[in-house]
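Below, each chain spelled out in residue letters.
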Amino acid sequence: MSRAVTKQAGGWRKQQALDRAAAGNSLGRDAWRRLSANRAAMTSLGVLVSITLAVIIGPWLTSYDYFSQDYDAIWQAPSLATGHWFGTDQVGRDLFARTLTGGRISLMVGIVTTLVSLVIGVTYGAVAGFIGGKTDSLMMRAVDILYSLPFMFFVILLVVFFGRNLFLLFAAIGAVSWLDMARIVRGQTLAIKSQPYIEAARMAGAGTARIIARHVVPNLAGIVVVYVTLTIPQVILFESFLSYLGLGVQPPATSWGALINDGTGEMSVAPWLVLIPSIFLAVTLFCFNFIGDGLRDALDPKDR
Amino acid sequence: MLAYTLKRLAGVVPTLFILLTATFLLVHLAPGSPLDGDRPMPAEIRANLEAKYHLDEPLIQQYGRYLANTAQLDFGASYQYKDTSVNDLIATGFPVSLAVGGFSLLFALVLGIPLGILAAVRQNMPADYGAMGASLAGISVPNFVLGPLMILAFAVYNDWLPAGGLGGWQHYVMPVIALGTMYLAYVTRLMRAATIEVLRAPFIRTARAKGLSETRVFVVHVLPAALLPVISFLGPGAAAILTGSVVVEQIFGIPGLGRFFVTAALNRDYTLVLGITLFYGIIIIAFNLVVDVLYGWLDPRVTYR
């Protein structure tokens, strides 16, 4: 009983939020105001932008590249004097260049793969929620089934049987990380479906596909942005995990996970080899999670 | 109750079916044959081998054989470790993984539940911010970062704990912390959110209005309701811990099933990779079933139909 009451209250608030959205885009502005008041989230955003810029520009700032070996300069500690700002590894490769180039791969995997999961998840969830009835329960039952499969092992299985390449990695991780998105989008679609503007569109003669694409999906934007922010770190983690095991990106290409794996072996001689990529990875994940949490609070003021 | 359990049990069938079919198709769609070696093989020998491994039968017949074998939990022989069946390897490795994983789950629950309650009771106060910040950090620091850092701090720079292998309880400390921290963080967040929601529910107000003591309200009314999300997290949580143990076993050199899995994946030991995936799939499905039934039994709102 109590659950029903809280649910109703939640529905009412959502309704209110939707009404506000209808009144001239003020939900977005409102959310941005609340987010910019959240100092932790704004700091995270700043850090994340810096990391992204560093990863894009950084490799051009140093005279070293990420793959050249230099046996006269192995295991050099980080130093400004030598130009190896982050030190070198066991074959004399420059860790600064390697960390930032690896970061390109990590971030790219995170973003591209999240886009894959976004497209699948939003389409699936919106279709299931909008059509409803038997189709909906069948589609969501399929999601339930997929949920209870050990995905990590499936992805490894895929990589083992079909060889290791970056494209497969995008597709495989993307294909397994859309489930949360589908569930959330479906729930939200159910709420949107009963809005008067949907009825109006239908009365104006719009077909189901058009209504989903033009009227349902744009109104999902808020919740989708939150889950995109929370999916990116998961995917980055997933890729690092595979690369850490030696099943992700292949040399000479590298990523943060692969660098941490390399560094772990040299840990007692050259701790910076594991420390620096670890810090980059952890800080990036932390920032994404903080922004995602902040966005969720900003868009859904229920717990305030 | 029995009917509910049976219904859940029936729900397992399609899941298992998809697990088996997907793995089977994956193996058969993969390029190359397991018989392909470095040197070309005479056609007669190849035909003989194919007959021995039933590769000459139609696909549907092979599929039937595969289903029958898996139903008997027979995963065949390993390519890599000669004369050893996948079953033997699972029997050696799984108890080790189970111990590490079980302790990690326990670690996450025993610390996460009180921490989440504390954060909820002190909502928007320093204790809450501290617990939430720490749990966000816990989610953001992956086990393959935490593990090496702990080895560096506690085994390399200080000689407090063994860096790897298995032995006394000391060997479990770092692996369990490395593996359990992320789930500790999840459990804390879940517990906090659930406790906050329950504390606002009308039945808690009613309990207080009846004049029950705060302790009694908390132990009898708040706690059981707030624990439900944590219980439903146990299913996915256990799956995630099994997955995570793959990495942690690698870091700490623990001879568990996860380590076999990685070695098999790197050496393209098809049968072992497939066998462990199936085995873990079945374990996870079974565990989810147990959690579901437990949930239905604990939550009075679930109706047994």
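Being a predicted model, the structure only gives us computed values, none of them experimental. Residue positions within a chain follow its written sequence, with the count starting from 1. Lettering of chains starts at A and numbering of ligands starts at 1, both following the order in which they are written. The predicted nature of this model means local features are confined to residues of pLDDT at least 70 and side-chain atom pairs, given and counted, to a pLDDT of 80 or more, with totals for whole chains, interfaces and linings taken over all residues.

K.L.:
Looking at this structure, I do not really get the overall build of chain A. What am I missing?
P.N.:
For helices the rule is a DSSP run of H or I covering at least 4 residues; for strands it is a run of E covering at least 2, with both sets numbered from the N terminus onward. Within chain A, the regular secondary structure consists of 13 helices and zero strands. Starting at the N terminus and walking to the C terminus, you meet the elements of chain A as α-α-α-α-α-α-α-α-α-α-α-α-α. Buried positions account for 43% of the 304 residues belonging to chain A. We call two residues in contact if the C-beta atoms placed from their backbones are at most 7 Å apart. Within chain A, contacts between residues at least 6 apart in sequence are counted, and of these 67% link residues at least 24 apart. Residue burial here comes from a neighbour count, namely the number of other C-beta atoms, placed from the backbone, that lie within 10 Å of the residue's own C-beta, with 20 or more meaning buried, 12 or fewer meaning exposed, and in between meaning partly exposed.

K.L.:
Can you help me understand the interface of chain A and chain B in this one?
P.N.:
One widely used convention gives an interface's size as the accessible area the parts lose upon coming together. Opposite the 38 residues of chain A that make contact, chain B presents 44 residues. Elements represented by at least two residues in the side of chain A that touches chain B include exactly α1 (2-22), α6 (151-162), α11 (221-244), α12 (256-265) and α13 (272-299) of chain A. For this classification, the nonpolar set comprises Ala, Val, Leu, Ile, Met, Phe, Trp, Tyr, Cys and Pro, the charged set comprises Asp, Glu, Lys and Arg, and every other residue, Gly included, is treated as polar. Across the side of chain A that touches chain B, the residue classes tally to 27 nonpolar, nine polar and two charged.

K.L.:
Is there a simple way to explain the UniProt feature "transmembrane region" (unreviewed entry) in chain A in this structure?
P.N.:
Residues and elements named next belong to chain A. UniProt positions are given in the numbering used here, feature names are shortened, and annotations may be inferred rather than shown by experiment. This chain's UniProt record puts "transmembrane region" (unreviewed entry) on residues 40-61, 105-131, 143-161, 167-185, 220-249 and 269-292. Across residues 143-161, the secondary structure splits into 84% helix and 0% strand, with the terminal C-alpha atoms separated by 25 Å. The distance from the first to the last C-alpha atom of residues 167-185 is 26 Å, and the span holds 89% helix and 0% strand.

K.L.:
Mind showing me how you'd approach the UniProt feature "transmembrane region" (unreviewed entry) in chain B here?
P.N.:
Residues and elements named next belong to chain B. Mapped onto this numbering, the UniProt entry annotates "transmembrane region" (unreviewed entry) at residues 98-121, 133-157, 169-187, 217-235 and 274-298. The span residues 169-187 is 95% helical and 0% strand by assignment, and the distance between its end C-alpha atoms comes to 24 Å. When the span residues 274-298 is considered, its composition is 100% helix and 0% strand, and the gap between its end C-alpha atoms is 36 Å.

K.L.:
How should the packing of helix α6 (residues 143-157) of chain B against helix α7 (residues 170-199) of chain B be read in this particular structure?
P.N.:
Helices that pack against each other are described as a pair by the angle of their axes relative to one another and the distance between those axes. Residues and elements named next belong to chain B. Axis definition: a line fit to C-alpha positions, over the contact stretch in the case of helices; interaxial angles, taken between N-to-C directions, run 0 to 180 degrees. For the pair α6 and α7, the least separation of the axes is 9 Å and the interaxial angle reads 145°. Between α6 and α7 lies a crossing whose hand is right-handed. Packed against α6, whose contacting residues are N143, L146, G147, M150, I151 and F154, the element α7 presents M174, I177, A178, L179, T181 and M182 at the interface. Its residues placed into classes, the contact of α6 with α7 shows nine nonpolar, three polar and no charged. By definition, turning the near helix anticlockwise from the far helix through less than a right angle yields a left-handed crossing, and turning it clockwise yields a right-handed one.

K.L.:
Can you walk me through the packing of helix α3 (residues 39-61) of chain A against α13 of chain A in this structure?
P.N.:
Residue and element names in this part refer to chain A. At a minimum axis distance of 8 Å, the contact between α3 and α13 shows a crossing angle of 140°. As summarised for this structure, α3 and α13 are arranged oblique, according to the angle between their axes. As for the relative orientation of α3 and α13, their crossing is left-handed in sense. Contacts from A40, A41, S44, L45, V47, L48 and I51 of α3 reach α13 at V283, T284, C287, F288, F290, I291 and G294. Here the contact of α3 with α13 is composed, by residue class, of eleven nonpolar, three polar and no charged. Angle categories: roughly parallel below 35 degrees, roughly antiparallel above 145, roughly perpendicular from 65 to 115, and oblique for all the rest.

K.L.:
Help me understand the nonpolar core in this model?
P.N.:
A general tendency of soluble globular proteins is for nonpolar side chains to be buried together. Within the largest apolar cluster, 154 residues are counted, with the highest numbers of intra-cluster contacts made by I156 and L157 of chain A together with Y183, V187, F261, V273 and I276 of chain B. Take this core: its biggest share by element is 17 residues, from helix α9 (residues 214-252) of chain B. For F261 of chain B, the residues in contact, after removing those within four places along its chain, are V246, V273 and I276 of chain B. The nonpolar core is taken to be a set of buried Ala, Val, Leu, Ile, Met, Phe, Trp, Tyr and Cys residues joined by way of C-beta atoms within 7 Å.

K.L.:
Just checking my understanding: could you explain the UniProt feature "domain: ABC transmembrane type-1" (unreviewed entry) in chain B for this structure?
P.N.:
Under the UniProt annotation, the feature "domain: ABC transmembrane type-1" (unreviewed entry) is placed at residues 94-295 of chain B. End C-alpha to end C-alpha, residues 94-295 of chain B measures 26 Å, and it is 85% helix and 0% strand.

K.L.:
Looking at this structure, I do not really get unusual backbone geometry. What am I missing?
P.N.:
Peptide bonds are, in most cases, trans, and in most cases residues other than glycine have a negative phi. All names here are of chain B. For N124, which is not glycine, the phi dihedral falls at a positive 60°. Among the structural elements, N124 can be located in the loop between α4 (86-121) and α5 (126-140). By the C-beta count within 10 Å, which is 11 here, N124 ends up exposed.

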